Structures are given as structure tokens and as C-alpha cells.
Amino acid sequence: MVTPFLKVREEEPPSRLAYENRFTSGSQTPPLAHLDGNAHRSFEEGAFWQILPSYEKLSADEFLSYRFQIKNTLSNSTPIATQKLLAFVSEHAGETFAQDVAAGLRQAPMTVQITPYTLSRMDWGNPYTCPIRTQFLPLGSRLHVDHPMLTLDSLGEKADSPVPGLVHRYYDRVLFLPQSTCPVYCRFCTRSYAIGQDTQQVVKYKLEATPAAWKKAFEYIASHPTVEDVVLSGGDFYNVAPPHVQYIGEALLNIEHVKRIRIATKGLAVNPSRIMYDPAWTQAVLNVANQARSRFKQVFIHTHINSPQEITWVTRDALRAFAENGVVVRNQSVLLRGVNDTLEKMSLLVKRLSAISIQPYYVYQHDLVQGVEDLRTSLATTLQLEKELRGITAGFNTPTFVVDAPGGGGKRVAWSYDYYDRTTGISIFSAPSVKPGKHFFYFDPLHTLEPEIQAKWLDPDGQSAMYAQALAHLHP
Ligand code: SF4
């Protein structure tokens, strides 16, 4: 039995409805009390990773090197790797907590994979409530019963893919997925049907990551002159080799009607030092951005930071490469229970992103994906948070709260619902410019509903009655 270096405090989450309804009693908080002066601009300088026994002797050059980050990334991809991961967890948070993680791993739809940078940002003294742990390490004791309407491909991406790895949903935009791996795996991934390795729960749909497969996507885009925007995601574009970054970027820029490329990466959140220590990827991106500019086109970086705790001086320094070269970086967060669903945490995230020249762009309502119900919030939480957040900073640095309409309706502004019944947790959206005439249903998590409504959801007749009631309101 290994003794944890910090005493682990197990905190029970607040009671179900008290937690979800914590905003609704009216604001008793003094105005702007959630903003802590200039805290968003102060970064803990120095070797923050040395607080962990595993990293205490490592200098900046050792810990932040790309080689160290890759070589010491922990995962559960093999039995030996799992042992190593659990030994690390046990060393830093104790054996009981490690057993809870082991139970979570057995039920998770996503493989676990975590970089040393991200491990160093976890609060191992309070792992049950740590927002970074919550995103990357599942706990058996915290899993909730799935809402019956959850699926693995909740956005219906496979149905909207004219060629493998290319999602064409909007009139003028496509999503191109050139490969299916990431530097880390997020528990809540919307693409858990395809990303990462198979788990005990999910056999993944395989995305082909070869130039031959990419060629089909280029041909499709070239033959659709309405397409002006290409989002490069995956998986994570950080995992595309630099020569391929250049190859894909140039191939897209060579298509006359492609005007904008958005590169989606979580790299800046989970391994930012790569920008300084292994600059080939960044250079390839900058080369593509420079070529774009010379042709009156644009390249943007879209990163994915959910908690202010993920942002350090390393992130700030990494951002210089893009800021000094005029590449705009925007952030897309997912609203996650226990991570960023309070005004205090979301305000700090938004202000801290702005302080390092990242524009807070979207906050997504958590998608209806299976196996991570403990992370979802109700739409009511999202609406209230948006209301309270707006005004803390300039409008262009205030994120838009959106629901990615389940079944392929695209992103809808959260408050634009056509119907929302807080009792049954059903909300309905429409998307006239994406799929006219269709309705898209979102469902609040069961744990935010009263017990008798939860029971109705687990009964097929009860489900049908609630559906019928919602549709009757829509079409009286
Ligand atoms: S980095 Fe993005 S694609 Fe990869 S696991 Fe996380 S959310 Fe999914």
C-alpha cells in the first residue's frame, strides 16, 4: 500500500436538485463578487510540476520537452500501461482512490490517455472535485445512470458523411477528420464512436488516416463550390505529422473556393510546450497561414480549454508563436458539471483566455453521449450561466452558449429553443438554414429531474407520453 503524498479529501457532490437549482433563488451574490481582481492575469511562474513526487527533480527543459511529454503520457491502452497509470494514481492519491479509477476505467466509453502536463495540473489532494481529474479520469463511484436517449454518435455525423472522414452538414462548411488519435482522450468526447482505441464498452468506427483517404475528401470539397470553410479536426490536428499538416493545408488552399481553414486542437490545453520544444508542427501551421494570407484566405486555431486551471505560463508563452504571426486563436469549451458550471469558474476561464489573446468563442451544452452522464448539466443551468456571465467583459470576448442539435441540426444558440419543459427535461430546437422543417430534441440528465420523472423516462410508455406532450405544445 503506497501512502499518498497529500491527504485525499472525499467530498460528496451537493444534492442533486440543490446543485442544479442553485441559481434559481435569485442572485444573492454581490455584483461582480465572482471576479477576483486581476487573478486572471497572474500566472504561477516557475516549476509548478515539481509539487508531484514523480516530477519533483525535473527542470523546465526536462519536463517540458516534447520527448518527455510523449514518453511519459499515461494510458490504459494495454494491461501494462494500465498498471503504470494506476500506480501513478495510487502514489499521488492513495490506493482507495486508484481502485475507484480502476472501476471507472472498466465502464468508460473512451480510452484514458493523459500527458504529464495535464497530470501536473490535477489537484491530487482533492481528486474527487478536481476539474482536471473530472475531465480525464473516470471514477466508478461517480458514474450516473444514462438517460435512455443517449447514443455514441449523438450528432449523427456518420449519417452526414458523404465520404469517410468528411462531415457535410452546413451549406458552406465541412468538417474534415483526417485521423482519429489525440494527445489526450477526454471522457466526454462527442466523437467517442470513433476516437481512440476500442474499450471494454465500445468498438470504435475506424477513420482511415492515409493520403489516399484524404484525396477523396479533397475531391468532394473541390466538386462542391459552395464550401468555403473547412474545419480540420479528428482526433486532434496536433497529432498530424508536420509534413502532412503542410500537405493537407496546401491541398485545401489550392481549391479556389476554400477561403477559411480552422485547425481544431486541444494541444494548447494539454501539451502547450510542444509549440516551443518541437516547433515543426507550429512552423507547418504558420507556413499554411502565411500562404493563406498571401491568397486573401485565413487560417485560425480553435483550441479546447475547459478550466482556468489548465492555463499556465507555459500556455501563455506558447501562444506567442501565433500572436506574433497574426494567427487568431479561439476557444471552444464544453460546459461540464463540476468543471466550469459556476459563474466563478466560467468568469475566470473567460477572463484568463482573453488575457493570453485567446478569444472565448463557444461554450457547448454537453452532447448526448453515453457513459459520462455525471458530467452533463441541464439546459436551465446553461441559460442561467449565460445570463449571469454576459457583461463581465467585452461582447466579442464573451462566448456564445450553444446546443449542438442532436441528430445533426448544427449549433443552435442555447436560448433559441422552440420549447423547454424543465419538469421533463425536454427541449426542442429547429434549424431552418440547416435542416428545414425538422425538430431536434435535447434531454436534461436524469439526475436533474424529480424521481417520478426519472421513473417515467425508464418506462417506454412514460417516454411516449412525455414526447407527445412536448409535440402537442409545439403544434397545438
Ligand atoms: S481532444 Fe477532442 S477529439 Fe480528442 S478526445 Fe478530446 S474532445 Fe475528443
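Residues numbered from 1 in each chain as written. Predicted model: local features only at pLDDT ≥ 70, side-chain atom pairs only at ≥ 80, totals over all residues. Heavy atoms only, no water.

### Considerations on the domain arrangement of the chain
Assigned domains of the chain: these are domain 1 (1–17 + 51–143) and domain 2 (158–474). For domain 1 versus domain 2, the separation of C-alpha centres amounts to 25 Å. Taken residue by residue, the interface counts 37 residues in domain 1 and 50 residues in domain 2. Buried surface at the junction of domain 1 and domain 2, summed over both partners, amounts to about 3500 Å²; 56% is from carbon and sulfur atoms. (Domains from an automatic or database assignment. Contact = heavy atoms within 4.5 Å. Buried area = accessible area lost by both parts, 1.4 Å probe.)

### Some remarks on the pattern of salt bridges
Any two side chains of opposite charge can pair, given that their charged atoms come close. Applying the stated criterion across every chain, the model contains 16 salt bridges. Across the pair aspartate 172 and arginine 173 runs a salt bridge, and its minimum N-O distance is 2.7 Å. Between arginine 260 and aspartate 229 there is a salt bridge; the shortest N-O distance is 2.7 Å. Separated by 31 residues along the polypeptide, arginine 260 in strand 6 (residues 260–265) and aspartate 229 in strand 5 (residues 229–232) bring together distant segments of the chain. Owing to a relative accessible area of 7%, aspartate 229 belongs among the buried residues under this scheme. (Salt bridge = Lys/Arg side-chain N within 4 Å of Asp/Glu carboxyl O. Helix = DSSP H or I, 4+ residues; strand = E, 2+ residues; numbered from the N terminus. Buried < 20%, exposed > 50% of the residue type's maximum accessible area, 1.4 Å probe, protein only.)

### Details of the pairing of strand 4 (residues 173–176)
With two bridges joining them, strand 3 (residues 166–167) and strand 4 adopt antiparallel strand pairing. Bridged to leucine 166 within strand 4 is phenylalanine 176. As consecutive antiparallel partners, strand 3 and strand 4 are separated by five residues. (Pairing = 2+ DSSP bridges.)

### Brief notes about the sheet that holds strand 14 (residues 439–443)
Whenever strands of a sheet pair, they do so through backbone hydrogen bonds, lying parallel or antiparallel. The three strands are arranged 12-13-14 in an open sheet whose pairing can be described as antiparallel. Both edges of this open sheet fall to strand 12 (419–421) and strand 14, since each of them pairs with a single strand only. Sheet twist, expressed as the average angle between the axes of neighbouring strands with direction ignored, equals 20°. Pairing of strand 13 (residues 426–430) with strand 14 involves five bridges; the strand directions are antiparallel. When the sheet's bridge partners are listed, isoleucine 428 is paired in strand 14 with phenylalanine 441. Most of the contacts of helix 17 (residues 460–474) go to strand 13, to which it runs at about 45°, and overall it touches strand 12, strand 13 and strand 14. (Axes fitted to C-alpha atoms, helices over the stretch in contact; angles between N-to-C directions.)

### Structural notes on the sheet that holds strand 5
Ordered by their spatial adjacency, nine strands build an open sheet running 3-4-5-6-7-8-9-10-11, and the pairing between neighbours is mixed. What marks the edges here is a single partner per strand, and that holds for strand 3 and strand 11 (410–413). Two strands pair when backbone bridges link them, and strand 5 and strand 6 are joined in this way by four bridges, in the parallel orientation. The residue bridging valine 230 from the neighbouring strand is isoleucine 261, located in strand 6. Along the sheet, helix 12 (residues 280–294) contacts strand 6 and strand 7 (298–303); its crossing angle with strand 7, the most-contacted strand, is approximately 140°.

### Concerning helix 17
Taking 1.5 Å of rise per residue, 15 residues should cover 21 Å, and helix 17 covers 21 Å from first to last C-alpha, within 8% of that figure. The set of residues buried in helix 17 consists of Gly462, Gln463, Met466, Ala470 and Leu474. Seen along its axis, helix 17 keeps its buried residues to an arc of 120°; they face one direction. Projecting away from the buried face of helix 17 at angles above 90 degrees are the exposed residues Pro460 and Asp461. Taken together, the buried residues of helix 17 touch strand 12, strand 13, strand 14 and helix 16 (451–457). (Expected span 1.5 Å × (residues − 1). Arc of directions from axis to C-beta.)

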